[in-house]
Protein chains: 4
Amino acid sequence: MVMQVSFSVAVAGASGYAGGEVLRLLLNHPDAEIGALTAHSSAGQRLGAHHPHLRPLAERVLQPTSAEVLAGHDVVVLALPHGASGDIAAALEDAGSDALVLDCGADHRLTDAAAWQQFYGSDHAGSWPYGLPELILADEGERQREKLRAARRVAVPGCNVTAVTLALQPGVATGLVDPADVVAVLAVGYSGAGKAAKPHLLAAEGLGSLAPYAVGGTHRHVPEIEQNLRAAGADTVRLSFTPVLAPVSRGILATVTAPLKAHVTAETVRAAWQQYYGDEPFVQLLPEGTWPTTAMVTGANTALVQVAVDERAGRVVAVCAIDNLVKGTAGAAVQSMNLALGLPETTGLTTVGVAP
Amino acid sequence: MVMQVSFSVAVAGASGYAGGEVLRLLLNHPDAEIGALTAHSSAGQRLGAHHPHLRPLAERVLQPTSAEVLAGHDVVVLALPHGASGDIAAALEDAGSDALVLDCGADHRLTDAAAWQQFYGSDHAGSWPYGLPELILADEGERQREKLRAARRVAVPGCNVTAVTLALQPGVATGLVDPADVVAVLAVGYSGAGKAAKPHLLAAEGLGSLAPYAVGGTHRHVPEIEQNLRAAGADTVRLSFTPVLAPVSRGILATVTAPLKAHVTAETVRAAWQQYYGDEPFVQLLPEGTWPTTAMVTGANTALVQVAVDERAGRVVAVCAIDNLVKGTAGAAVQSMNLALGLPETTGLTTVGVAP
Amino acid sequence: MVMQVSFSVAVAGASGYAGGEVLRLLLNHPDAEIGALTAHSSAGQRLGAHHPHLRPLAERVLQPTSAEVLAGHDVVVLALPHGASGDIAAALEDAGSDALVLDCGADHRLTDAAAWQQFYGSDHAGSWPYGLPELILADEGERQREKLRAARRVAVPGCNVTAVTLALQPGVATGLVDPADVVAVLAVGYSGAGKAAKPHLLAAEGLGSLAPYAVGGTHRHVPEIEQNLRAAGADTVRLSFTPVLAPVSRGILATVTAPLKAHVTAETVRAAWQQYYGDEPFVQLLPEGTWPTTAMVTGANTALVQVAVDERAGRVVAVCAIDNLVKGTAGAAVQSMNLALGLPETTGLTTVGVAP
Amino acid sequence: MVMQVSFSVAVAGASGYAGGEVLRLLLNHPDAEIGALTAHSSAGQRLGAHHPHLRPLAERVLQPTSAEVLAGHDVVVLALPHGASGDIAAALEDAGSDALVLDCGADHRLTDAAAWQQFYGSDHAGSWPYGLPELILADEGERQREKLRAARRVAVPGCNVTAVTLALQPGVATGLVDPADVVAVLAVGYSGAGKAAKPHLLAAEGLGSLAPYAVGGTHRHVPEIEQNLRAAGADTVRLSFTPVLAPVSRGILATVTAPLKAHVTAETVRAAWQQYYGDEPFVQLLPEGTWPTTAMVTGANTALVQVAVDERAGRVVAVCAIDNLVKGTAGAAVQSMNLALGLPETTGLTTVGVAP
C-alpha cells in the first residue's frame, strides 16, 4: 500500500519563464497541489494570458505577490528578479510560515558577501543550502544532496553555473585538472534572458545572429562557479567565462576546458567522470565519441556530459548540455524540493527530452 | 581617365556553397566577367537549380570540371572538396594555362607536410601563398598581403582559422599574450558544413539545438591556426579548439582567450589591437563595450573584433565575428584575387552587412 | 483498489521521427511496456544513436522489422514509410498475432481506392478505422471515437489532415460554412518531412527561409481532408491546400477559410465551435481574441483552435495549431490505442506544452 | 561619356529597420550622397549603436527629426511610424523644400479616406503617387511606373501588399481569376513588426513558434490590397487576409488563391503571368515546377512569383516571395526614387540574394 501525501505549492513570479517552468513540472508531479500563483504588474490577469501552453492552469488568476498570499502553503517557490527574494522570505518568516522556500533567484546562492557585493552591487541576503544535489563536496566526501534533506530553504543555482560545474567538477575533485586556469564558453538560448522586452532580445535581432555578452569576467555567475569548484576540491580557481546567445529558445551548451595534470591518460579522465556520475539519475556521461547537444535535453531534467583529452593542447575539454529552464532552474528546484520533503529525488522529473 | 580592364573568371565547384558565394561576389565586381561554371555530378544542370538566389546566372549551364573547360580564363577559382584541388591545378599547368588559381579548399594551406598528413591523412599537395592579407608576418615586419601581390596561386584560408587568427594575432605579435595556452570556442552556422545531405545537418535536427563537433583537438583547422600564430610571432602555440553548431545559416563567432602577460593593462591591449587593425579595410576593432555579432557581418567581407582583459582570470578575451562564406571563404578569395591582379584590394567587396 | 494491467507495445520503424515520438509518449504511459523496437537499415544499432533524447531506452538495440519480431506483443505500432504497412500487417495476421495494430503511415487511411491510386500511385491496401477520435460523424450523430473502441486496427491520420479537419469541421457539421470552397494554407515544421537526408531539408537551406511545396492540389493529404469533411456532413468538398515549410522543427499552424453562409453571426459561429469542442479533452477553443501558436502545443497532444468571421470577405477563418509529431501522429496513435484497449482516452497524454 | 550627377538623401527615422535598410541600399547606390539622418528618442546617438552592420556610417550622429534638418536635401525618405509622415511632409513644404519625398509609412497610400478612417482610426493625410512600379493600371493600359516619373511625392507600399498584389494581379488584369473571393495567407518574418520591444516579439517567444495575428480581416493592409487589385482591373474585390509570423528575420511568402474562371487552362494562366512579368527587372516568374522561397530573395529587390492551377479546387494558386525590407519597403523606395529622378529604374538595386 502506498500512502499518497500531497502538499501545496505557491509560486511567486508565476508570469515569468522560470515561474512558468516550475508550474509545467509541478503539473506532472504526482504529489504537488498547485496553490497560489502570484505576480507583480500582471496580478489580476489569467495565467493563460502569460503561459497559454499550461492549459490546465489557463483560468487561474494571478494574485499580488505578498507574504499573506504565499503563507499557508507547504512549499513556496520564488521566481523573482534578483534582489526581490530577501524581503519576501523575511516576510514569510514574520508571517509565521514554516513553508519550504525555494529561491530561483540569485539572492541566496553566494556564501561570500564580498563576492556578492562585487558582482551584484547590493547588500548580501545571506546564503541558503545550495540546490545542486550532484555538487561534489570534497571535504565531506559526499554530495550536496545530503545538505538538502530536510532543508527549509534552498537557493536554486544559476543555469550557466550548473552547466559549467557539472561539466568539470569530476576533474577537480580527482585532481586530474588544474582549476587555476579554467576557460568556459557557453552557447545559450534566449529564455535565459527572461521575459522583459529589450531591443537586443527581439526575434528580428536574434534570428541569424550569434551574440556574446558579459565578456571579460563580468557575468554574475562567475563567483558562483568558483564557489562550486572550490567545494569540489579546488584550492585556487581562476575562470574565464563567456556566454554567447544563439537563436534557440532553450538550452545551454557549455564547453569547459582546464589544463590536464601531467601523465594523465584519457582512460583515467573518463573513469573519473564515470565514477562521479555513474549513479546519478540526472547527470549522464555519454558513450565515448558521442557529444551532448541541447536538443537531447529539451524539457528534461537531464545534464548530458562528455569529456575528451586534447593532448596537443594539454587540456581536458568537457562539454555539458542542459535545458536552462529545467535542470538549469525549475527542475533543480523540484529535485531539491523532493529531497527537502523526503520524497524520492526523481519524483515528477524526467530524463526524456522533446526532440527533434 | 580610368582604363577599365576586365578579366574572366571560371569557378570549379559552382554548385556548392563556396562556389555560389564566389559567384555572388563576382556579380558585384566591376571588372570580373564570369566564365565557365563547372560541377561534378550536377554538370549539365542549370545553375538556377542550385543557386536560385543568383538570378542573373540562373540560366547558365554547369559544365564538367576539367582543365580543358577551366583553361583559357584569367582566373580560376577552385571550390572543390578537400583533396580535389591538387590534380586539377596540375592539369591546368599541363594545359599551359597561366591563370591565377585560387583554391578555396584546404589542399595548399599548410606548409608542414607532417601536419597535413596527421590531420588530413593523405599526401601533401604543397603550399601556396596564403590568402589572408591581414595576417601579421612578424619576421618580415609586414602583412601577408605583400606576398599576394602578383601571386599566381593562392590558398584561401579556412573559415574558422580566419576568425581565430584575426581575433588573437595582435596580442601574439606584440607579445602581450602567451600563445602557449590558447583556448578558442566557436559558435558556427550550418553553411560551413557544406551542401552534402547528412542526417545531423537536417533542419529538423539543427533547429533548437546547439551541437559541438570535432571536440578534443581533432578539427583540421587546428594546425592551420597554429601556423598562422607562429607567423604572427609565436614560438610555441598550443591551442584548444572547439566548434559548436548553432541554428544560423551563416556566421562564425569566435571566442578566443589566452593568458595575459604580467603587468599589462587593458589600455595597452586595446592599443595593440588598434595598432594592427586601425588601417585595415575589412578588419575593425569595435568601440569599447560593443561586442561583435554575426548579424553585423552577414553578407559582408568584414571581420569585427573586440578584446577585453579579464583580470580575475588573467586572460585576454578576444572575439571575432565573420560571415564564414564571405570573409571566411569567398570574400577572402576575391580580396586575394584583387591583390594578385594589381587591383585595389577592396574592389567589389563591401563592409555593409545585411541585417536584421 | 486499482488493478494495474500493463500491455506490451512493439514499434516498427523506431529509428524515425514518428517512431521516436511514439516511444517518447509511451515512456510516460503508466500501463505500456515497451517491447521490440525494429528498424530497417539501422537494425543492430543502439536506439541511443538515433534518439539520444530518450535516455531510458538508449541502450535498447534495434531489431530487423519482421512479423516474427513484432508478433507476440499486445500492440504493434507501424511507423514506416508509406507503402510498407500493408505487407507487415498481412504478415502479422499470418503469424497468428492478435495484436492491436496502429499504422502511422498513410496506407490504410483512405476509403476510396481511386483517390488512393490517384494520389499515391499504387494499389490500395484497404481502409482501417480512422484514428481521429474527435472527427464528427454527421450521419451517426457521434464522433469517431466510438468506432475506435475495441478496434483491432487503426489508421492514424496525416498530421496536416488533423489540423485542417479540427479547424473547420464544426462549421461543416453545423452547415454554417460552405465546404465547396475551402482554402487551407499551413505553416509547417521540418520534422514532418522525416529523417531522410535530402538537400532541401538541410538546416543551411531551411534557416531563414519560407518554402512552399506540393502547391496546386498535389499534396497527398488532400483526399484525406476531403474524406473527413464529408464525414462531418459536407456534400461537396473542394479544397485548395498549400503547405509552407518554416524554420521550426515541430508544429503545424493551419489557416483554414470557407465561405460563411448568409446571415450567420460571429456569435453563432463561435457557439458552433464551442458546442463541438467544449467537452473534448484535447481540442480546445481559445478565449475570444487569442490565437493559437504552435509554441503553445509543443510536446502536447493539444489542438488549439480559434475562429473568426471576416464579414468584409464573407468568410470564416479558422486556425488550428498542433504539434505534428504528437496530436499529428504519435499522440493520435496513443489516444486511439487507449480507446481500443478500453483505457481512459487521456491516459499517458498531456495538454501541457513545452514553452517558450 | 557619362555625366555623373549625384544627389543628396536625408533619412528620417534612420534608427528603425526601414530606415536602416534604406541606408543599406543607398550605400550601394552610385549617385546617392547620404545626408542627414534623423531619429526621435535616439537623436544624438551614433548610427553604429543602432545599425552596426552599416560600417561606413557607424560614426554618423543621429539628429532630431525636423523640417529644418531635412530641408535642403534633394530627396527625403520618411521611415516613421504610421501617422507621423503627414506633419513632417507639410512642414517640409512650409520650409520651401522642393525635395522628392518618399514615405515608407502608410499615411499616403490609400485613396479612399473612409477606408483609411476605418482601418487606421485617424484623419486621412491624402494620397500620393503609389510606389509600386509594376502595378498594372487596367484603365490606362500601362504600369504604375509611368505615374512615378518626375513625381515629387511617393507613398511606398506596404510589404504584405506588394507580395499579394504581385502574386495575383496578372490573373485579375486578364480576367482569368475572380477577384471577388481572394484568399491570401502569408508567412512573414519578424523585422516587419519593427524594432519596438514588445513581449510577443521576443526571440524566446518567436523561436519555435508559428503565430498568426490580425486574423479575420482586421489587418491594415487589407484595403490597400483591394485598392491595387481594383487598379489592376477588378470590379469587386473580396479578400481574406491572414499573416502568420514565422521565425525568420526577413521575408514574406504569400500564398494567394482565387477562383479560376471556367475553361481556362494552365497554359493560359502561365502565359498571362509571363506576359505581365516577362520584361520586369525585379518581378520574375520562375520556371515551371520551381516555387519561390524567401531565401532566394534575401537582401535583393526581387519578387519571385509562381502560379499553378488546381483543377480539383477550381482555383489558381499564386505564390510570391519578397524580402519585406527590400522589395517590400526600402527597395521599393529606391526604385521609385530612381524613376522620380529620371535615373535608370534599376540603379543601385540588385536581384542577387544572399543565400544560404
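Here the structure is a predicted model, which is why all the values come from computation and not from measurement.

## Re the domain arrangement of chain A
All names here are of chain A.
Right, on to step 1. As assigned here, chain A comprises domain 1 (7-156 + 327-340) and domain 2 (160-324).
Right, on to step 2. For domain 1 and domain 2, the distance between their C-alpha centres works out to 24 Å.
Right, on to step 3. In total, about 2600 Å² of surface goes out of reach between domain 1 and domain 2, with carbon and sulfur atoms giving 52% of it.
Right, on to step 4. Looking at the side of domain 1 facing domain 2, the largest losses of area belong to Phe-119, Ile-136 and Lys-327, adding up to 27% of the total buried there.

## Describing unusual backbone geometry
Phi is mostly negative for residues that are not glycine, and the peptide bonds are mostly trans.
Right, on to step 1. The omega angle of the peptide bond from Ala-355 of chain C to Pro-356 of chain C is 0°, so this bond is cis rather than trans.
Right, on to step 2. Take Pro-356 of chain C: it is sitting in the segment after α10 (326-341).
Right, on to step 3. One non-glycine residue, Ala-150 of chain B, adopts positive backbone phi at about 70°.
Right, on to step 4. Looking at where Ala-150 of chain B falls in the secondary structure, it is placed in the loop between α5 (145-148) and β8 (153-155).
Right, on to step 5. Using a relative accessible area of 57% as the deciding quantity, one classes Ala-150 of chain B as exposed.
Right, on to step 6. Of note in this structure, Ala-214 of chain B is not a glycine but carries a positive phi near 50°.
Right, on to step 7. Among the secondary structure elements, Ala-214 of chain B is positioned in the loop between β10 (211-212) and α8 (222-231).
Right, on to step 8. Note on Ala-214 of chain B: relative accessible area 24%, which makes it partly exposed.

## Description of the relation of the copies chain B and chain A
Right, on to step 1. Screw-axis analysis of chain B against chain A gives a translation of 0.0 Å along the axis, an RMSD of 0.0 Å, and a rotation angle of 180°. The symmetry that links the two subunits is that of a two-fold axis.
Right, on to step 2. Of all interface residues in chain B, 100% are interface residues in chain A too; the two copies therefore contact each other through one and the same surface.

## Regarding the interface of chain B and chain A
Right, on to step 1. Across the contact, 48 residues belong to chain B and 48 residues belong to chain A.
Right, on to step 2. Where chain B meets chain A, there are four salt bridges.
Right, on to step 3. Arg-312 of chain B is the salt-bridge partner of Glu-226 of chain A, the closest N and O atoms lying 2.5 Å from each other.
Right, on to step 4. Scanning the region where chain B abuts chain A turns up ten residue pairs in polar contact (both at pLDDT 80 or more).
Right, on to step 5. Counted by class, the side of chain B that touches chain A contains 27 nonpolar, 13 polar and eight charged residues.

## As for the sheet that holds strand β3 (residues 63-64) of chain A
All names here are of chain A.
Right, on to step 1. Reading across the sheet, the six strands line up as β3-β2-β1-β4-β5-β8 and stay open at both edges, with parallel pairing between neighbours. Edge positions in the open sheet fall to β3 and β8 (153-155), since each of these has one partner strand only.
Right, on to step 2. As paired elements, strand β1 (residues 7-12) and strand β4 (residues 75-78) share four bridges and run parallel to each other. Directly across from Ala-12, in β4, lies its bridge partner Leu-78.
Right, on to step 3. In this fold helix α3 (residues 85-94) packs onto β4, β5 (100-103) and β8, with an angle of close to 165° to the strand it touches most, β4.
Right, on to step 4. Strands in contact with helix α10 (residues 326-341) are β1, β4, β5 and β8; relative to β5, the strand with the most contacts, it is inclined by about 155°.

## Some words on the relation of the copies chain B and chain D
Right, on to step 1. With an RMSD of 0.0 Å, the fit of chain B onto chain D corresponds to turning through 180° and sliding 0.0 Å along the axis.
Right, on to step 2. The overlap is high: 100% of the interface residues of chain B also sit at the interface in chain D, so the same surface is used on both sides.

## So, the packing of aromatic side chains
Right, on to step 1. Tallying each qualifying case throughout the model produces four aromatic pairs over all chains.
Right, on to step 2. Taking 3.8 Å as the distance between ring centres and 10° as the angle between the ring planes, the aromatic pair formed by Trp-116 of chain D and Tyr-120 of chain D counts as stacked. Of the two residues, Trp-116 of chain D and Tyr-120 of chain D both sit in helix α4 (residues 113-120), four residues apart, roughly one turn of that helix. Grouping residues by exposure puts Trp-116 of chain D and Tyr-120 of chain D together as buried.
Right, on to step 3. Here the basic side chain of Arg-153 of chain B rests over the ring of Trp-128 of chain B, its NZ or CZ set 5.7 Å away from the ring centre.

## Section: the pairing of strand β15 (residues 315-322) of chain B
All names here are of chain B.
Right, on to step 1. Most of β15 sits inside the fold, with eight of its eight residues counted as buried.
Right, on to step 2. Both faces of β15 are covered, namely the face carrying Arg-315, Val-317, Val-319 and Ala-321 and the face carrying Val-316, Ala-318, Cys-320 and Ile-322.
Right, on to step 3. In this sheet, β15 lies alongside strand β12 (residues 252-259) in antiparallel orientation, the contact comprising eight bridges. Looking at the pairing, Leu-253 lines up with Ala-321 of β15.
Right, on to step 4. As judged from the seven bridges shared by strand β14 (residues 303-310) and β15, these two strands associate in the antiparallel manner. Paired with Asp-310 across the two strands is Arg-315, which belongs to β15.
Right, on to step 5. Remark: four residues form the turn of the hairpin made by β14 and β15, two consecutive strands paired antiparallel; Gly-314 in that turn has positive phi of roughly 70°.

Analysis parameters
Residues numbered from 1 in each chain as written. Chains lettered and ligands numbered in written order. Predicted model: local features only at pLDDT ≥ 70, side-chain atom pairs only at ≥ 80, totals over all residues. Heavy atoms only, no water. Domains from an automatic or database assignment. Buried area = accessible area lost by both parts, 1.4 Å probe. Helix = DSSP H or I, 4+ residues; strand = E, 2+ residues; numbered from the N terminus. Buried < 20%, exposed > 50% of the residue type's maximum accessible area, 1.4 Å probe, protein only. Least-squares fit on C-alpha atoms with pLDDT ≥ 70 in both. Contact = heavy atoms within 4.5 Å. Salt bridge = Lys/Arg side-chain N within 4 Å of Asp/Glu carboxyl O. Polar contact = N/O pair within 3.5 Å; in protein donor to acceptor, adjacent residues only side chain to side chain. Nonpolar A, V, L, I, M, F, W, Y, C, P; charged D, E, K, R; others polar. Pairing = 2+ DSSP bridges. Axes fitted to C-alpha atoms, helices over the stretch in contact; angles between N-to-C directions. Phe/Tyr/Trp six-rings, centres within 6.5 Å; stacked < 30°, edge-to-face > 60°. Lys NZ or Arg CZ within 6 Å of the ring centre and 35° of its normal.

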